Amino acid sequence: SRLIIVVERCTNDHNYSAILRTVEALGVATVYMIDPPDELNQRRLHHIFARNATEWITVRDFETVEDCVACCRKQGYKLWVTDLSQAAEALDLSPDPSKPLRIPDKIALVFGTEAVGASNYILEQADKRVYLPLRGFADSLNLSVSTALVTQALFFLDPSLIGAMSEGERKDMRKAWFTKLAQQRLLTSKQKKDRKILGAKMKKCETLNKRIQDDPDYYIQPGEQKKLDEWSSYQRELESIEALIDPVKVQIAVQEWIDNPPVPLTDLRRADTHRVCFVGKNTRHMHKEHW
């Protein structure tokens with residue numbers, strides 16, 4: 001919790017997905033998104049592209065940069081904003097020993113939009129502007145690549161950032177994650193699939209209903225009316241599945257693991273025989289001569 005990532009006005013949906021996947025893989029637990037574009041409302045697809053990283057991180061949206069900065073200040077974070085101006089200081093991985101770079105206790109590492117970088121407001125609010133020294137002729141990096149390299153650079157410069165959280169935070173995180181994992185074990189594959197489908201249908205009904213309320217002259221198509229008519233049945237079916245997840249049963253199942261957690265997994269390399277799990281059978285068949 002010492003390090004959070006702030007992304008201001010990301011305009012590319014692939015960058016959005018890549019950022020979430022990257023920061024989760026590096027061990028960052030929280031991402032603040034400032035004014036994400038409308039097309040990012042299809043979060044389900046982006047979560048798939050991000051390898052379900054959002055299952056394990058907190059993503060919070062802010063409509064304005066002022067709201068996000070105020071939230072960071074309230075929580076005691078120093079704003080380190082990535083920038084390419086002459087005011088920026090280098091995150092040099094081979095620093096001058098006589099000029100050590102002091103890492104704050106709590107950092108909000110800010111990345112701006114793809115086209116022009118961070119806004120003037122957040123640059124003015126920055127406690128420090130930073131950049132990663134480059135060696136080639138390209139003067140900047142793709143947003144998601146920049147997020148990966150600069151975040152990793154901070155971990156190199158201050159290894160104590162890795163896993164930095166209080167024992168209370170760690171216990172709360174275990175409780176939330178172990179409970180989520182246990183809930184997944186209580187449903188069959190079909191029930192999980194039905195639950196996801198019903199949730200998507202409910203979301204569409206809610207969106208349609210809001211559209212109708214906002215526009216009194218909105219013409220409801222027959223197919224849309226059918227969805228609205230079945231809204232209550234979707235709700236009942238979803239509630240019947242949710243009822244199978246007994247909170248008491250789940251809490252009993254995970255309490256032992258919360259109190260006596262397993263040893264962390266540190267070697268995430270895969271055996272070669274497992275590589276086939278990540279490729280569909282059609283892809284294997286298509287490239288069978290070279291596979």
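Not measured: the values here are computed from a predicted model.

A. How the structure looks around the overall build of the protein. From N to C terminus, the protein includes 11 helices and 7 strands. Once the C-alpha set of the protein is aligned to its principal axes, its extents read approximately 70 × 55 × 55 Å. When the 291 residues of the protein are sorted by exposure, 31% land in the buried category. Long-range contacts, defined here as pairs at least 24 residues apart, represent 82% of the contacts in the protein between residues at least 6 apart. A distance of 7 Å separates the average location of the 42 positive side-chain charges in the protein from that of its 41 negative side-chain charges.

B. How the structure looks around the pattern of salt bridges. Inspection of the entire model under this criterion finds 13 salt bridges. Linking K128 and E89 is a salt bridge whose minimum nitrogen-to-oxygen distance equals 3.2 Å. Here E89 lies in strand β5 (residues 89-90) and K128 lies in strand β7 (residues 128-131), a separation of 39 residues in the sequence. You can call K128 buried: its relative accessible area is 18%. Residue E89 is classed as partly exposed on the basis of its relative accessible area of 38%. With a closest N to O distance of 3.5 Å, E167 and R174 form a salt bridge. Look at E167 and you get exposed, because its relative accessible area is 51%. Three or more residues are tied together by salt bridges with common partners; here these are E167, R170 and R174.

C. A look at the side chain of D83. Relative to the helices and strands, D83 resides in the loop between β4 (78-82) and β5. Here D83 falls in the buried class, since its relative accessible area comes to 14%. At a separation of 2.4 Å, a polar atom in the side chain of D83 contacts the side chain of S85. Excluding residues within four positions of it along the chain, D83 makes contact with A88, L123, R129, V130 and Y131.

D. Up close: unusual backbone geometry. Although it is not a glycine, R9 sits at a positive phi angle of roughly 60°. When you line up the elements, R9 lands in the loop between β1 (3-8) and α1 (13-26).

E. Quick peek at the state of the cysteines. Under the defined criterion, the tally for this structure stands at 0 disulfides. No disulfide involves C71; its sulfur sits 5.8 Å from that of C72, the nearest cysteine. Among the residues examined, C71 registers a relative accessible area of 12% and is labelled buried.

F. Looking closely at the side chain of S146. The residue S146 is located in helix α5 (residues 143-157) in this model. By relative accessible area, which is 15% here, S146 ends up buried. The contact partners of S146, leaving out residues within four places of it in the chain, are F111, L141 and T151.

G. Region of the structure containing the domain arrangement of the protein. By domain assignment, the protein separates into domain 1 (3-164) and domain 2 (168-259). Each of domain 1 and domain 2 has a C-alpha centre, and the two are 31 Å apart. Of the roughly 480 Å² buried between domain 1 and domain 2 on both sides combined, carbon and sulfur atoms contribute 59%. Viewed at the interface, domain 2 and domain 1 are joined by 1 salt bridge. A salt bridge links K180 to E55; the shortest N-O distance between them is 3.7 Å. Our count for the contact surface shared by domain 1 and domain 2 stands at 2 residue pairs in polar contact (both at pLDDT 80 or more).

What counts, and where the lines are drawn
Residue indices follow the written sequence of each chain, beginning from 1 at its first position. Selection of residues for local features in this predicted model requires a pLDDT of at least 70, selection of side-chain atom pairs for listing and counting requires 80 or more, and totals for whole chains, interfaces and linings are taken over all residues. Hydrogens are left out, water is left out, and the side-chain values use all remaining heavy atoms of the structure. Labels follow the DSSP assignment, with helices taken as runs of H or I lasting at least four residues and strands as runs of E lasting at least two, numbered in each case from the N terminus. Burial classes: relative accessible area under 20% of the type maximum marks a residue as buried, over 50% as exposed, and values in between as partly exposed (1.4 Å probe, protein chains only). Contact criterion: two residues are considered in contact whenever any of their non-hydrogen atoms come within 4.5 Å of each other. Counted as positive: Lys and Arg. Counted as negative: Asp and Glu. His and the chain ends are not counted at all. By convention, the point assigned to a charge is CZ for Arg, NZ for Lys, CD for Glu and CG for Asp. Salt bridges are defined as contacts in which a side-chain nitrogen from Lys or Arg sits within 4 Å of a carboxyl oxygen from Asp or Glu. In protein, a polar contact requires one atom able to donate a hydrogen and another able to accept it; more generally it is a pair of N or O atoms within 3.5 Å, and residues adjacent in sequence count only if both atoms are side-chain atoms. Any two cysteine sulfur atoms lying within 2.5 Å of each other are counted as a disulfide. What fixes the domain bounds is an automatic or database domain assignment. Buried area is a sum: the accessible area each of two parts loses on coming together, probed at 1.4 Å, counted once for each and added.

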